[in-house]
Amino acid sequence: MSLLASKSPLYATFKTLGLLYLFFVVGLFLDSFYMVRITENAQFYANALMLIVFFITFFKVTPRLKEQMISAVLIGFFGEYLFSVLLGMYTYRLENVPHYIPFGHAFVYIAVLCFSKAASIKVRRKQIETFLIIAISIYATLFLIFKNDVFGFVMTVATLLILRNKSKERLFYLTMYASVVVLELVGTYYKCWFWPTTAWNVVPFLPSANPPSGISLFYFLLDLGTLWLYKQRHREAWQRMKNIRKIKAIAKN
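Residues numbered from 1 in each chain as written. Predicted model: local features only at pLDDT ≥ 70, side-chain atom pairs only at ≥ 80, totals over all residues. Heavy atoms only, no water.

**Examining the overall build of the chain**
Keep this limit in mind: Counting from the N terminus, the helices are DSSP H or I runs at least four residues long and the strands are E runs at least two residues long. The criterion used for residue contact is that any of the two residues' heavy atoms lie within 4.5 Å. Only the protein chains shown count as cover for residues, with accessible areas throughout obtained via the Shrake-Rupley method and a probe of 1.4 Å.
Across its full length, the chain holds 11 helices and 4 strands. Considering only contacts in the chain between residues 6 or more positions apart, those separated by 24 or more positions represent 73%. As presented, the chain carries roughly 13,900 Å² of accessible surface, and 68% of it is formed by carbon and sulfur atoms.

Dropping the structure here:
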């Protein structure tokens, strides 16, 4: 059964987000404080599993998605060293950038993209968006009240405001927010990484939870960068697609 053409939203969700979230739980466990009690090579096993899953996924997707996965890995490496090592925005368990992280960014990107492009999901787009907006708002508010997560709340508000006028991309980015929430909750629970008590550990008026609720705002930079690189390499095809969309919009009116 084709994932994108499937008429079952449960099938599409399981094959994308379901497997993604399961991988969060299993893959990050290998770099967790539980594994550290057993072996000193915990991060090695997490890296190895991520590379295996990455390449299995890479050889199964279309050439277009392959190119976007490579872009996501490259931007992920740059972003991780910028935000974690140089800016100290968060810190990994061994104070390095684990190899599984940039490859994991690409895996998350592809899973969320395929979920948002599935036919059975697109026909329910409005309902899913409404559900996610309500869930995200409740989540960020609870973190603000019970964990004094001002930093995360501000980023969540910024995210929702930005997406108000992004109807075509809204489902993708809302789903990315939800996926990042799961990733961050699992990763910080396992103590694979941690966030300081204030934004960047230098902004005292923006206290932060571990993890901050709206950190997906920074993941959006990865997504935008990946899409930008693809557009630059395929300018004619991208312009042709935009023209087709304009013609369809005019025809509808």
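There's more to say after this.
**Some details on helix 4 (residues 63-86)**
For an α-helix, the turn length of 3.6 residues means that residues three or four places apart are oriented alike. Our working rule: The span you would expect from a helix comes to 1.5 Å times its residue count less one. To sort residues, take the accessible area from a 1.4 Å probe on protein chains only and compare it with the maximum for the residue type: under 20% means buried, over 50% means exposed, and anything in between is partly exposed.
The terminal C-alpha atoms of helix 4, which comprises 24 residues, lie 34 Å apart, in line with the 34 Å expected from a rise of 1.5 Å per residue. Taken residue by residue, helix 4 has L65, E67, Q68, M69, S71, A72, V73, G76, G79, E80, F83 and S84 as its buried positions. Within two residues after helix 4, G88 carries a phi angle of roughly 65°, on the positive side.

**Focus on the side chain of Q43**
Within the fold, Q43 resides in helix 3 (residues 42-58). Here Q43 falls in the buried class, since its relative accessible area comes to 8%. Apart from the residues lying within four places of it in its own chain, the contact partners of Q43 are L30, D31, R93, L94, N96, P98 and Y100.

**A short note on the environment of P102**
With respect to the helices and strands, P102 occurs in helix 5 (residues 100-117). A sequence separation of 27 residues divides P102 from I75, and the C-alpha atoms of the two residues are 7.9 Å apart. When sequence neighbours within four positions are dropped, the list of residues in contact with P102 reads A72, V73, G76 and F77.

**Re the packing of aromatic side chains**
Note on aromatic pairs: each is described by the distance of the centres and the angle between the planes. The following threshold applies: Two aromatic rings from Phe, Tyr or Trp, using only the six-membered ring of Trp, form a pair when their centres are within 6.5 Å; if the ring planes differ by under 30 degrees the pair is stacked, by over 60 it is edge-to-face, and anything between is tilted. Whether a charge lies above a ring is judged from NZ of Lys or CZ of Arg, which has to be within 6 Å of the ring centre and within 35 degrees of the ring normal.
Across all of its chains, the model carries 23 aromatic pairs by this definition. Seen in terms of ring centroids, F83 and F218 are 5.3 Å apart; in terms of plane orientation they differ by 75°. Their pairing is edge-to-face. One end of the pair, F83, is in helix 4; the other, F218, is in helix 10 (residues 216-233), with 135 residues separating them in the sequence. Taken individually, F83 and F218 each receive the classification buried, so the pair is uniform in this respect. Three or more aromatic residues joined by ring pairs make a cluster, and in this case those are F54, F55, F58, F59, F77 and F103. Over the ring of F58 we find K66, and its NZ or CZ is 5.6 Å from the ring centre. If you follow K191 out to its NZ or CZ, it ends over the ring of F33, 5.1 Å from the centre.

Nothing here speaks to function; it is all geometry.
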